[in-house]
Amino acid sequence: MNENPATVRTRFAPSPTGFMHVGNLRTALYAYLLARSQGGRFVLRIEDTDRNRYIDGAVEVIFDTLRQAGLEHDEGPDVGGEYGPYVQSERQSIYRQYAGELIAKGAAYYCFCEKNEPEAAAGPEAVSTGYDGRCRKLSAAEVEANLAAGKPCVIRQKIDREGSTTFHDLVFGEITIENKVLDDQILLKSDGMPTYNFANVVDDHLMRISHVVRGAEYLSSTPKYNLLYRAFGWEIPQYVHLPLIMGRNPDGSIAKLSKRHGSVSFENLTAEGYLPAAIVNYIALLGWSPKNDRELFSLAELRELFQVSGLNKSPAVFDYDKLKWMNGEYVKALPFEDFVRLARPYARLDGTVLADRWPSIAGLLHQRITLFSEIPEKIRFLLEVPEYELDLYNNKKSKSNCDVARRLLPELVERLAALPDWNYEAISAAIGEYAAANDLKLNLVMWAPRIALAGLAVTPGGALEIMEILGREESLKRLRSGIARLEKA
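Residues numbered from 1 in each chain as written. Predicted model: local features only at pLDDT ≥ 70, side-chain atom pairs only at ≥ 80, totals over all residues. Heavy atoms only, no water.

J.: Break down the overall build of the protein chain for me, with residues and values.
T.: Helix and strand counts for the protein chain come out as 18 helices and 12 strands. Taking 23 Å as the expected radius of gyration for a compact globule of 489 residues, we find that the protein chain reaches 32 Å, considerably beyond that expectation. Across its three principal axes, the protein chain shows a C-alpha extent of roughly 110 × 55 × 40 Å. The buried share of the protein chain, taken over its 489 residues, is 50%. Long-range pairs, those at least 24 residues apart, make up 72% of the contacts in the protein chain with a sequence separation of at least 6. (Helix = DSSP H or I, 4+ residues; strand = E, 2+ residues; numbered from the N terminus. Rg over C-alpha atoms; globule rule 2.2 N^0.38 Å. Buried < 20%, exposed > 50% of the residue type's maximum accessible area, 1.4 Å probe, protein only. Contact = heavy atoms within 4.5 Å.)

Following this line, the structure appears as structure tokens:
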């Protein structure tokens, strides 16, 4: 690959530990948009070295989420690339090589302390400030003896505690951290696996990542990464740290987004009926401001418009109401054939008498819902009339009441039962002729049948649409049942 050294290369490096959190997806989205907006390349790397948190099937969740979101990567475990392997557990020999190089340079050292030994040595009431660096003082002979004896060890970074480290972030500007707050972090664990703090530096360099996009929680760790870059003599990438995503508590306060605020994973949001394109559009605006007042963007438009300068420092609050509104706009904009296909699983009509009438039902719903998960409740009355109060027959706007319903319904049933054909046009004509013959307004005539058919004052579609969907037998059955209830009252 003869790639221009100036090519922007970004990466998304998730850990396979479960569902894709919206914060992780936003990181992937911004890394993708940064690369695409600059004609660069977007890399997927799986960081699976923490085997205690590894979950079977989580890698497939990552692939599937990126696919649904439309974030196509140029290099990765599934598509290959010049700088693979793109799975960290397959790169262990690489990390051992570079950890050894750091030891040779005096920038790292072997640590033979047991896991809790430094804290215990400080006393039970002492506040731990990290590892105390005691193994720095071991002589070369002591280190060799311990290694020869097979004593378990880790490799730690040797950090100069004097002075400070300053770096530039494209969102937060100049950041300075006092070195005295940095501890000698572990680079290579006793099982030979690297820590994230070491592997991400090695991999980003070897994979020629030019811009590192990640959450603001890594700001305080960045000086340690930069000290590693300098120890190796490598060029430091540009940093793009993203503000936190917050959730709003019932009392109005905000806290880091969690399950108590609502669904926080892409998979759960799509299960609730949010469209992937709407989710992507919404999270693109969680921390990034376009130069115009628009809120609805296709992914192609985001690729053209995205600029790092539009990223905000302040935390963004995840507004579920705003996401729901945005999703509703996307649902309404769907071609009807796509709506029929995508919404059908949520309707739960398969195996019912209404299964083959789903396209007609979908026609009533397409412009009336914001979430696919709303569908079962909105069409429940089609499967069974709910219990309802006769007061529903009273409606000031249509000037209907129970007495009007008692008079109208039997006469309507007689006309409808005599229809040779049962379809929207025939039903509409019969009711229209009845209204005209009795000098009645159509909205008055329509109210009583709606209540008898649905047991609800508000339904997707009116009496005509409901009768066409239910069919002759069920419609007449419900209308006669309504008459019987009125007569008993």
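J.: Could you give me a rundown of the sheet that holds strand 12 (residues 316-317), with the residues and numbers involved?
T.: Reading across from one edge, 11-10-12 is the order of the 3 strands in this open sheet, with mixed pairing throughout. With one partner strand each, in any of the chains shown, strand 11 (254-256) and strand 12 form the two edges of the open sheet. (Pairing = 2+ DSSP bridges.)

J.: Let's hear about helix 18 (residues 463-488): which residues, and what values?
T.: End to end, helix 18 covers just 23 Å across 26 residues, shorter than the expected 38 Å (1.5 Å per residue, more than 12% under). By the largest-angle criterion, G471 marks the main kink of helix 18, which is about 120°. (Expected span 1.5 Å × (residues − 1). Bend = angle between axes of the 7 residues up to and from the residue.)

J.: For the packing of helix 6 (residues 196-206) against helix 7 (residues 222-232), give the residues involved together with the corresponding values.
T.: Contact geometry for helix 6 and helix 7: axes closest at 10 Å, N-to-C directions at 50°. As summarised for this structure, helix 6 and helix 7 are arranged oblique, according to the angle between their axes. The chirality of how helix 6 crosses helix 7 is right-handed. Here Y196, N197, F198, N200, V201, D204 and H205 of helix 6 come into contact with helix 7, specifically with Y225, L228, Y229 and F232. In terms of residue class, the contact of helix 6 with helix 7 is made up of 7 nonpolar, 3 polar and 1 charged. (Axes fitted to C-alpha atoms, helices over the stretch in contact; angles between N-to-C directions. Parallel < 35°, antiparallel > 145°, perpendicular 65-115°, else oblique. Left-handed = near helix turned anticlockwise from the far one by under 90°. Nonpolar A, V, L, I, M, F, W, Y, C, P; charged D, E, K, R; others polar.)

J.: Please give an account of the packing of aromatic side chains that cites residues and values.
T.: Evaluation of the coordinates by the stated rule reveals 17 aromatic pairs. Members of the aromatic cluster, connected to one another through ring pairs, are Y30, W288, F297 and F306. When the ring centre of Y54 is taken as reference, the NZ or CZ atom of R51 above it lies at 4.5 Å. (Phe/Tyr/Trp six-rings, centres within 6.5 Å; stacked < 30°, edge-to-face > 60°. Lys NZ or Arg CZ within 6 Å of the ring centre and 35° of its normal.)

J.: Give a description of a negative patch on the surface that names residues and reports values.
T.: A cluster of acidic side chains, namely E384, E387, E389 and D391, defines a negative patch on the protein surface. Residue class for E387 comes out exposed when judged on its relative accessible area of 76%. (Patch = residues over 30% accessible without salt bridge, like charges linked within 9 Å, V, L, I, M, F, W, Y side chains within 5 Å. Areas by Shrake-Rupley, 256 points an atom, 1.4 Å probe, with all protein chains shown as cover. Salt bridge = Lys/Arg side-chain N within 4 Å of Asp/Glu carboxyl O. Lys, Arg positive; Asp, Glu negative; His and termini not counted. Charge placed at Lys NZ, Arg CZ, Asp CG, Glu CD.)

J.: Explain the sheet that holds strand 7 (residues 186-188) to me, using residue names and the numbers behind them.
T.: Across the sheet, 3 strands lie side by side as 3-4-7; this open sheet has antiparallel pairing. The outermost strands of the open sheet, each flanked by one partner alone, are strand 3 (108-111) and strand 7. Sheet twist, expressed as the mean angle between neighbouring strand axes with direction ignored, is 45°. The pairing of strand 3 with strand 4 (residues 154-157) spans 4 bridges and is classified as antiparallel. The residue of strand 4 that forms the bridge with Y109 is R156.

J.: Tell me about the state of the cysteines, and name the residues and values.
T.: Linking two cysteines covalently through their sulfur atoms gives a disulfide. Counted according to the given criterion, the structure contains 0 disulfides. Cysteine C111 shares no disulfide, and the gap to the nearest cysteine sulfur, in C135, comes to 3.9 Å. Under the relative-accessibility criterion, C111 is labelled buried at 1%. (Disulfide = S-S within 2.5 Å.)

J.: Give me the packing of helix 13 (residues 358-365) against helix 14 (residues 375-383): which residues, what numbers.
T.: For the pair helix 13 and helix 14, the least separation of the axes is 12 Å and the interaxial angle reads 120°. Taken together, the axes of helix 13 and helix 14 are oblique relative to one another. The element helix 13 and its partner helix 14 pack so that their crossing is right-handed. In contact with W358, I361 and L365 of helix 13, helix 14 contributes I375, K378, I379 and L382. Within the contact of helix 13 with helix 14, the residues separate by chemical class into 6 nonpolar, no polar and 1 charged.

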